[in-house]
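Inside the fold
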Amino acid sequence: MRVLSVLCALFLCLLASVRSFVVFSVGTCPDIPVQQNFNITAYQGSWYSYENFDAPYQFGMSCVTATYKLWPDYRIQVTNTGYRKIRVFGLPLYRRDIRADGVASVLDWSNPAKLRVTFGEQPDFSIGSVKPNYMVVETDYENYSLVYSCSSLFIPFKIEAAWILTRVRGARPNNVFQLENKLKSYGVNINNFKMVDHHNC
């Protein structure tokens, strides 16, 4: 029993140490409906993050862009780009370009809006069977997309990520509040959204 208590304490310390670049909370992952009749072909191309939750590979990044390209085998090439910058008294001191290449796969073609995205160096927090970690909740393909991800940790913890994407860099979707409230209605804390800087990209 004492060993279990120590392990739990160590686990909580680990979560606290990474809280600055992941969103974790107590509870189970919500069952949020996704886009019906999802069209992967129409979803291809570049999307720009208007706002998102912190994630390890996007923490502190500006000009966050995701580009999707459908391969002949119906897997999707994923290219995420952006940069991290440090400013002192408002002046840019340091800039580092970031690029992450990955692959997205549909796990169940009866519900193609639920995908599994993997990156070579990205840690996998999921437990148990392979589950989708990129769920297109709503999109019109031409203007906006709402994406949600949730991975269950040791009970009762979970890690969440969410993105509101646009086709035009820095553009604010007309329905941004409706998209946020859709997640909120399923218990997602939308206060975790952070605006993405798209100046001087």
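It should be noted that the structure appears before, not after, this text.
Residues numbered from 1 in each chain as written. Predicted model: local features only at pLDDT ≥ 70, side-chain atom pairs only at ≥ 80, totals over all residues. Heavy atoms only, no water.

1. Remarks on the side chain of Ser49
By the secondary structure assignment, Ser49 is in strand 2 (residues 45-52). Judged by relative accessible area, which is 1%, Ser49 ranks as buried. At a separation of 2.6 Å, a polar atom in the side chain of Ser49 contacts the side chain of Asn52. With residues near it in sequence (within four places) discarded, Ser49 still touches Val64, Trp163, Ile164, Leu165, Val196 and His198. (Helix = DSSP H or I, 4+ residues; strand = E, 2+ residues; numbered from the N terminus. Buried < 20%, exposed > 50% of the residue type's maximum accessible area, 1.4 Å probe, protein only. Polar contact = N/O pair within 3.5 Å; in protein donor to acceptor, adjacent residues only side chain to side chain. Contact = heavy atoms within 4.5 Å.)

2. Quick look at the pattern of salt bridges
With the rule as written, the count across this model stands at four salt bridges. Across the pair Asp73 and Arg75 runs a salt bridge whose closest N-O atoms are separated by 2.8 Å. A relative accessible area of 44% means that Asp73 is categorised as partly exposed. (Salt bridge = Lys/Arg side-chain N within 4 Å of Asp/Glu carboxyl O.)

3. Concerning the environment of Thr79
Tracing the backbone shows Thr79 in strand 4 (residues 76-88). Residues Thr79 and Ala100, 21 residues apart in the sequence, show an inter-C-alpha distance of 5.9 Å. Apart from the residues within four sequence positions on either side, Thr79 is in contact with Thr65, Ala66, Thr67, Arg99, Ala100 and Asp101.

4. Focus on a nonpolar patch on the surface
A cluster of nonpolar residues, Ile86, Val88, Leu93 and Tyr94, forms a patch on the protein surface that exposes about 380 Å² of accessible area. For the nonpolar patch, the secondary-structure elements that each account for two or more residues are strand 4 and strand 5 (91-106). Assignment of secondary structure puts Leu93 in strand 5. (Patch = residues over 30% accessible without salt bridge, like charges linked within 9 Å, V, L, I, M, F, W, Y side chains within 5 Å. Areas by Shrake-Rupley, 256 points an atom, 1.4 Å probe, with all protein chains shown as cover.)

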